[in-house]
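So the chains spell out like this:
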Amino acid sequence: MSVQLAIHGKTFSAETKPLMEKMWADICAKNCQPILSDFFKNHLLEHGFSVADVPSYSTEKGLESADMAWSIGGDGTLLETLTQIGAKEIPILGINTGRLGFLATLSPPEISSALDTVLQGNFRIENRSLVSVESEVDFFDGKGFGLNEVGIMKTDTSSMITIKAFVDGNYLNSYWADGLIVSTATGSTGYSLAVGGPLVIPSSDIFIIAPMSPHNLNVRPLLVSSSAVLTFEVSSRSKNFLISLDSRSKVIDSHFKIEVKKAPFSAKLIKIPGDDFLQTLRSKLNWGLDVRN
């Protein structure tokens, strides 16, 4: 049975073109029906690929349907692919054409054999919780969900902000800080880690609340259940602040209340045999590596 395969990718250089040519040849040789994102199709055409007759979909409107989606690039490309899929929960395979990522873990030397493995159905699907943002204004144009984290932070020119936080309606704390990260378990290896948050197994059903450069040094990251509803009230001297959702961000007025909770749908990541989070941790963080050797 033919597999309907949606493909989104990032721009690539002349050095990466041979890898892309090999990958596209492999795809065309398999029993699949590719559909390209309009952005990636245009980029392939600019590089001389014969894809004029290949169907495409709008990255702005999103993907209507497919058996699976392939993200070709890095972790950021996979996050873009996720926003194009949304609540449809189409499984995503992250193919990394650069450095090893935490989300796009399939490296270039593995790609050819891995494509056969995936198209033969020899894979598992990991369900990853998503975080959603709600307010009286739709800040993210109907795409108020993210795989990694929500960030509430000061703008470049402002002083620290005050973030009053509530968990299920109960007052938690007022954070005087450069900002605050609410991370999923998947996002524990991202922005949250950079501000001192813990590493968390991605299947854990939690949120991490991690302050950025807090004024009070006794304020530490906190883990709460992902079933909790978090509410934030932000004030700042500059009368605005920045809100980010994965790689997207927007400057907004500080009088808005923000509600953060678990999204009603999940991200489904395709994992081939041998691809696991602990192996990725060891590879990325050099755990177990003795520098003396």
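Residues numbered from 1 in each chain as written. Predicted model: local features only at pLDDT ≥ 70, side-chain atom pairs only at ≥ 80, totals over all residues. Heavy atoms only, no water.

Going by this rule: UniProt positions are given in the numbering used here, feature names are shortened, and annotations may be inferred rather than shown by experiment.
Labelled according to an unreviewed UniProt entry, the protein appears under the name NAD kinase, originating from Aquirufa originis. Under Catalytic activity (unreviewed entry), UniProt gives the following word-for-word description of the protein: "NAD(+) + ATP = ADP + NADP(+) + H(+)". Recorded in UniProt for the protein, the comment headed Subcellular location (unreviewed entry) runs: "Cytoplasm".

Some thoughts on the pairing of strand β16 (residues 248–253)
Stated precisely, the cut-off is as follows: Strands are labelled as partners when DSSP assigns at least two bridges between them. We count a stretch as a helix when DSSP gives it H or I for four or more residues in a row; a strand needs E for two or more, and each element gets its number in order from the N terminus.
Where strand β15 (residues 240–245) lies against β16, 6 bridges are found, and the strand directions are antiparallel. When the bridges of β16 are listed, isoleucine 243 appears paired with lysine 250. Hairpin remark: β15 followed by β16, antiparallel, with 2 residues in the connecting loop; positive phi at aspartate 246, about 55°.

What to know about the pattern of salt bridges
The following threshold applies: Salt bridges are defined by distance alone: a side-chain nitrogen of Lys or Arg within 4 Å of a carboxyl oxygen of Asp or Glu. Think of it in three bands: with a 1.4 Å probe and only protein chains considered, a residue is buried below 20% of the maximum accessible area for its type, exposed above 50%, and partly exposed in between.
Taken as a whole and judged by the stated rule, the model has 10 salt bridges. Linking lysine 271 and aspartate 275 is a salt bridge whose minimum nitrogen-to-oxygen distance equals 3.7 Å. For the pair lysine 271 and aspartate 275, one class covers both residues: buried. It is possible to trace a salt-bridge network through shared partners that takes in Arg124, Glu126 and Arg128.

Here's the deal with helix α1 (residues 17–29)
Put simply, the rule is: Here, expected helix span is obtained from the residue count minus one, scaled by 1.5 Å. Whether two residues are in contact is decided by their heavy atoms: any pair within 4.5 Å suffices.
With 13 residues, α1 should cover 18 Å at 1.5 Å per step; its first-to-last C-alpha distance of 18 Å lies within 8% of that length. For α1, the secondary structure elements touched by its buried residues are β1 (3–9), β2 (32–37), α2 (38–46), β4 (68–73), β5 (92–96) and α4 (111–119).

Digging into the UniProt feature "active site" (unreviewed entry) in the protein
Look at the UniProt record and you will see "active site" (unreviewed entry) annotated at Asp75. Within the secondary structure layout, aspartate 75 lies in helix α3 (residues 75–85). Taking relative accessible area as the criterion, aspartate 75 reaches 23% and is therefore assigned partly exposed. Aspartate 75 has contacts with Gly101, Phe102, Leu103 and Ala104, leaving out every residue within four places of it along the chain.

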